[in-house]
Every structure is written in C-alpha cells, then in structure tokens.
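Fold and geometry: a report
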Amino acid sequence: KQEVTQIPAALSVPEGENLVLNCSFTDSAIYNLQWFRQDPGKGLTSLLLIQSSQREQTSGRLNASLDKSSGRSTLYIAASQPGDSATYLCAVRGAGNMLTFGGGTRLMVKP
Amino acid sequence: GAGVSQTPSNKVTEKGKYVELRCDPISGHTALYWYRQSLGQGPEFLIYFQGTGAADDSGLPNDRFFAVRPEGSVSTLKIQRTERGDSAVYLCASSLKAGFPPYEQYFGPGTRLTVT
C-alpha cells in the first residue's frame, strides 16, 4: 500500500526566506506527483504536477523536483511572502485512479 | 468555466442522523472522486465513478457510507447513522476521464460535516 509522508509537519519562517518542503513515498511505481495548496476552510489548489518521466516543474517562485527511484519530491519556494501561508499537500497517482496524499506541511510566513 | 461545486458547504447533524452530500462535477468530466479529510490530515480516498458506475469503492470505511451517480453527472454521498468520527471535510474531484494516461483531478471546495 502506498504511503506518503511530508516533513516537516509545520514550518514558520520570516518573510523573504527560501524554503524547501519534503515529500516521500514508499512505492516508486507512480505515474505522477502533484503539489497542492490548501487555505484554511478551502479546497485544494493545484500548484505543480510532475509526470513520472520528468525531473522537475517550475511555476513562478515555485519549483518542484521528483526523484522517482528514491521516492522523494521537494517543493522549493523562493523569496517567501506572507501570502504563501497555507498548508501544502503532495499527492501521488499510482496504478489506481485515486490520489494518495501526505499529511501536509503547514507553512506560516511572518511579515 | 464553472469548477466543481459542492453543497452544502457546511452541515451540522446529530449523532445517528442520515446525511447527503452533493457534488456537481465540471461539465463533460466523466470521472468523479470522493475524498475525506480529517482535521490536520491529508485527504483519503473513498470512492470513484467512471460514468454512472462505482469503479472503485475500496476506500469507503464501512457500510454506513454509500454513493451514487445515477445519470453520470451529479453525485451524492450518503452517510447513515452518523457517528462523531464521521466529522471531516468531504472533498469531491472530477477529471475528464479515469484510466490512462492519467487526467488531472480538479477539486471542489468541500463540505464540512460536523456530527454532534
């Protein structure tokens, strides 16, 4: 059974810092990995989707990498801003059609 | 265009009652997914539909949970004899199709269920 773990569970940083969120998964037989953002009381907003054949994806200040063989992904956020405060979730898509999610990293960026 | 919508946004019910949660997928999307997110955790898969049929219901926790999608569009998640442990946010997602290559899933805002 696929298990997804996110470290750290919570992170508080001052504005302007570059930061890295980590995601690991136990079964490397995945088709893609996706990073989501979730604001309190809201649904999920897709940030980046990396296909299994790709190594990384970039969108603005966000960069996500994927090392499928080692079961790891990182989300890099450059020059963090208070508006980046949210919970970040990673999810993998395996042989089934469902997504398997990690527990999330709660990020607080202080002005 | 319109995204995935879910109603109600919040539902408070008493232990033992029956509840229905509704999901309207993106128009034209044939696959529909239900997930449950307990406080402080990531979403967990419950069930998905391809068209009208439940293709995988392996995530439903017990037989108090049931979902339907009679016309291949709107879906209703039904919970009988609710328990306090059912309190969570129920998320719905849809994708153009199920299967491969994998199509991206788009999520609705969720229904927050509180069982008192």
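This is a predicted model, so every value here is computed, not measured.

**Here's the deal with the interface of chain A and chain B**
Listed per partner, the contact involves 22 residues of chain A and 22 residues of chain B. Residue assignment for the side of chain A that touches chain B shows that the elements contributing at least two residues are β4 (32–38), β5 (44–51), β9 (86–93) and β10 (99–101) of chain A. It is β4(A) that provides the largest number of residues to the side of chain A that touches chain B, a total of four residues. Classifying every residue of the side of chain A that touches chain B gives nine nonpolar, 11 polar and two charged.

**Points about the pairing of strand β9 (residues 88–95) of chain B**
Residue and element names in this part refer to chain B. Counted residue by residue, β9 has eight buried out of eight residues, so it is predominantly covered. The two faces of β9 match: Ala88, Tyr90, Cys92 and Ser94 on one face and Val89, Leu91, Ala93 and Ser95 on the other face are all buried. With seven bridges joining them, strand β4 (residues 31–37) and β9 adopt antiparallel strand pairing. Paired with Tyr35 across the strands is Leu91, a residue of β9. In the sheet, β9 pairs with strand β11 (residues 111–115) via three bridges, with the strands oriented antiparallel. The partner of Tyr90 across the bridge, within β11, is Thr111. By the bridge criterion, two bridges tie β9 to strand β10 (residues 106–107) in an arrangement that is antiparallel. Residue Ser94 lies in a different strand from β10, and its bridge partner there is Tyr106.

Criteria and cut-off values
- Residues numbered from 1 in each chain as written.
- Chains lettered and ligands numbered in written order.
- Predicted model: local features only at pLDDT ≥ 70, side-chain atom pairs only at ≥ 80, totals over all residues.
- Heavy atoms only, no water.
- Contact = heavy atoms within 4.5 Å.
- Helix = DSSP H or I, 4+ residues; strand = E, 2+ residues; numbered from the N terminus.
- Nonpolar A, V, L, I, M, F, W, Y, C, P; charged D, E, K, R; others polar.
- Buried < 20%, exposed > 50% of the residue type's maximum accessible area, 1.4 Å probe, protein only.
- Pairing = 2+ DSSP bridges.

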